[in-house]
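# Fold and geometry: a report
Next come the chains, spelled out residue by residue.
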Amino acid sequence: MGSETQSTLSVAMGASMALYVAFMFGLSVWAQRRVKTREDFLVAGRRLPLFLAGSTLLATWFGAGTLLTATDEVAAAGLQRAALDPFGAGFCLVLAGLFYARPLWRMKLLTLSDFFARKYGPAAERLSAILMVPSYFGWIAAQYVALAGVLNMFFGLPLEWGILAVALTGIGYTMLGGMWSVTLTDAVQMSLVVVGVVVLAVTVLLGLGQGDVGAGVGVLITETPSEMLRPIPTGDLRALVGWLGIFAVGALGNIPGQDLMQRVFAAKSEQVAARACVVAGVIYLTFGVLPMLLALAGNLLLPAGAQASVLPLLAKLTLNPWMAVLFVLAVASAVLSTIDSAILSPATVLSQNLLGRLHRSGRASMLIDRTAVLVVGGLSLAFAYAGESAYALLESAYEVTLVSLFVPLTLGLLLRRPHQGAAIAAMASGMGAWLVHQVAGWESFLAPLGAGLGLALPTGLCCAALALVVQLGVGRLVLRGCPPPDGQPMVV
């Protein structure tokens, strides 16, 4: 490619990105006109139809984890590395739609910590919020880093400046219109993602198949080692247990997540909330496999030892320059649609459940909400600069809520009058056990003991099981004589 053509392409790509960002901000400014109350800002006035509720759920899930981080893991070790995302994360949406969405929507909540307040009392509310808010910082940071890497590859923008640019963009339009901004921009962004990924997939398969997509699929299957095409390990119990542990983190860890439940609360009816989760989950499990297959194709097309993310490298190698512009916009859309959702969710909990006493009404109240958005985005930026593997950040984000909040949430829905003390004990024990393992550097549950017995039990799942035993045990054996909040008789 001549230098003049390359220069023209760089200008076109830069202009396209600038227009895209401007359009997102313009859409957010327009969405701001819909925001009259806190309920509008936080849950879109509980008016989202199925299309918008499903789109924003799908866009929230389909971010750097699926498009960049998980694909690199699959390229390195095969489809078994998709256990966390998309397999576990997609199944999470289906579970939420089948069992959690309807009863939670009927409670007319703003945050998931409001559920803990109503079921267990103010102490449990505050503890759940303290546990939930920081769990998002690593996830948001992973999105910052992933998109900054793409900007570095295509624009030569230094990683540090790219991270800052991504953060400011996501924070900016989230502050403008809250949930309405997030929902409307998500719908546009998800459309770009679908087009970009499909274009890349068709181009790659045409290349593998010498102009025939079907032949390309055949080449991919025959030339990829069979063990890398196997999504679940077989014949090795230890590997299977490890896979199930990672899958459980993805499938259960985000059920007590504000980003998921905020979309449930924003749906216009309980039926829409449930259907949106199931539909988004099925689409995610189906469409999310496509980037994984592209990752395996990358092993056949890319030079050995390539350091950058697989999908952007494939786009650079196989797409014509103008289609590469489309792909960059698709990646930006996927990541930004996750960033805005991930920022708004903990910011809502911070504002509603930890800073609630500062609230007044009208503009002053929404100023606190917007300030919380800025705080969460800024702290996540600090995480991004601190540096850590994006995959590790994603897995840790899911594990925190799994070990501390999944059990109290589920039992809170199942038990008629669950006890506050038992729930707090469950949160503390699950989180405490998990922190011990993180500090000790144990990669499996009670690793020194397990090594002696030849076991490698998954840490997240076992810490959640400990929380379950503690909540049921404390409620039944220790606190039987203590009245729960509001003077209600305790039933466990």
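For the structure, check the block above.
Predicted model only: the values in this text are computed from it and were never measured.

Attention now moves to the overall build of the protein. For the protein, the helix and strand inventory stands at 21 helices and 0 strands. Looking at the 492 residues of the protein, the share that counts as buried comes to 56%. Partitioning the contacts of the protein with sequence separation of at least 6, the portion at a separation of at least 24 is 82%. By element, 66% of the accessible surface of the protein is carried by carbon and sulfur atoms, the whole surface being about 19,300 Å².

Take the nonpolar core next. L104, Y144, L200, I255, L260 and M261 are the most contacted members of the largest nonpolar core, which totals 157 residues. Leave out the neighbours within four places in its chain, and L260 touches L57, W61, C92, L93, A96, N254, I255 and C277.

The subject of this paragraph is the state of the cysteines. The term disulfide refers to a covalent linkage connecting the sulfur atoms of a pair of cysteines. One pass over the full model with this rule turns up 0 disulfides. Of the cysteine sulfurs around C92, a residue in no disulfide, the closest is that of C277, at 8.5 Å.

A separate point is helix α19 (residues 420-440). Note that an α-helix has 3.6 residues per turn; residues three or four places apart therefore point the same way. Spanning 21 residues, α19 covers 30 Å between terminal C-alpha atoms, matching the ideal 30 Å at 1.5 Å per step. Residue G441 follows α19 closely and has a positive phi angle near 75°.

Where nonpolar side chains cluster on the molecular surface, the patch consists of V194, V198, V202, L206, V213, V217 and I221 and spans about 460 Å² of accessible area. Elements represented by at least two residues in the nonpolar patch include exactly α8 (159-208) and α9 (213-223). The greatest single-element share of the nonpolar patch, amounting to 4 residues, is contributed by α8. Residue class for L206 comes out partly exposed when judged on its relative accessible area of 32%.

Listing the buried residues of helix α6 (residues 112-120) in full gives L112, S113, D114, F115, F116 and Y120. At the C-terminal side of α6, G121 shows a positive phi close to 105°.

One can find M292 in helix α13 (residues 289-301). Put simply, M292 and L79 are 213 residues apart on the chain and 7.1 Å apart in space, counted from C-alpha to C-alpha. The residues contacting M292, other than those within four sequence positions of it, are T66, A70, T71, V74, L79, A82, D85 and P86.

Geometrically, the link from D85 to P86 is a cis peptide bond, its omega value of 20° lying close to zero. With respect to the helices and strands, the residue P86 is situated in helix α5 (residues 83-106). Phi is positive for K108, which is not a glycine, with a value near 55°. Checked against the element boundaries, K108 lands in the loop between α5 and α6. Note on K108: relative accessible area 42%, which makes it partly exposed. Phi angles above zero are rare outside glycine, and Q210 is one such case at about 55°. Overall, the relative accessible area of 74% leaves Q210 in the exposed class.

Scanning the model with the defined rule gives 8 aromatic pairs in all. A ring pair is formed by F115 and F116, whose centres lie 5.6 Å apart and whose planes are at 90°; its orientation type is edge-to-face. For F116, a relative accessible area of 0% translates into the label buried. Clustering of aromatic rings is evident, with ring pairs tying together F62, Y284 and F287.

A separate point is the packing of helix α11 (residues 258-266) against helix α15 (residues 321-354). Look at α11 against α15: their axes get within 8 Å of each other, and the N-to-C directions meet at 85°. The pairing of α11 with α15 is recorded here as roughly perpendicular in orientation. Side by side, α11 and α15 meet where Q258, D259, Q262 and R263 of the first sit next to S341, L344, S345, T348 and V349 of the second. Here the contact of α11 with α15 is composed, by residue class, of 2 nonpolar, 5 polar and 2 charged.

Considering all chains together, one arrives at 6 salt bridges under this definition. R38 serves as the salt-bridge partner of D369, at 3.0 Å between the closest nitrogen and oxygen. Placement of the pair is D369 in helix α16 (residues 363-386) and R38 in helix α2 (residues 38-43), with a sequence separation of 331 residues. For D369, a relative accessible area of 2% gives the class buried. Salt bridges sharing common partners tie together R102, R106 and E270.

The residue L159 is located in helix α8 in this model. For L159, a relative accessible area of 36% corresponds to the partly exposed category. Spatially, the C-alpha atom of L159 lies 7.7 Å from that of V145, the residues being 14 residues apart in sequence. Those residues in contact with L159, other than ones at most four positions away along the chain, are V145, A148, G149 and N152.

What follows covers the packing of α8 against α15. For the pair α8 and α15, the least separation of the axes is 6 Å and the interaxial angle reads 140°. In this view, α8 runs oblique relative to α15, as classed from their interaxial angle. Every pair of crossing elements has a handedness; the one defined by α8 and α15 is left-handed. Residue classes in the contact of α8 with α15 are distributed as 19 nonpolar, 10 polar and 2 charged.

Rules used in this analysis
Residues numbered from 1 in each chain as written. Predicted model: local features only at pLDDT ≥ 70, side-chain atom pairs only at ≥ 80, totals over all residues. Heavy atoms only, no water. Helix = DSSP H or I, 4+ residues; strand = E, 2+ residues; numbered from the N terminus. Buried < 20%, exposed > 50% of the residue type's maximum accessible area, 1.4 Å probe, protein only. Contact = heavy atoms within 4.5 Å. Areas by Shrake-Rupley, 256 points an atom, 1.4 Å probe, with all protein chains shown as cover. Core = buried A, V, L, I, M, F, W, Y, C linked by side-chain atoms within 4.5 Å. Disulfide = S-S within 2.5 Å. Expected span 1.5 Å × (residues − 1). Patch = residues over 30% accessible without salt bridge, like charges linked within 9 Å, V, L, I, M, F, W, Y side chains within 5 Å. Salt bridge = Lys/Arg side-chain N within 4 Å of Asp/Glu carboxyl O. Phe/Tyr/Trp six-rings, centres within 6.5 Å; stacked < 30°, edge-to-face > 60°. Axes fitted to C-alpha atoms, helices over the stretch in contact; angles between N-to-C directions. Parallel < 35°, antiparallel > 145°, perpendicular 65-115°, else oblique. Nonpolar A, V, L, I, M, F, W, Y, C, P; charged D, E, K, R; others polar. Left-handed = near helix turned anticlockwise from the far one by under 90°.

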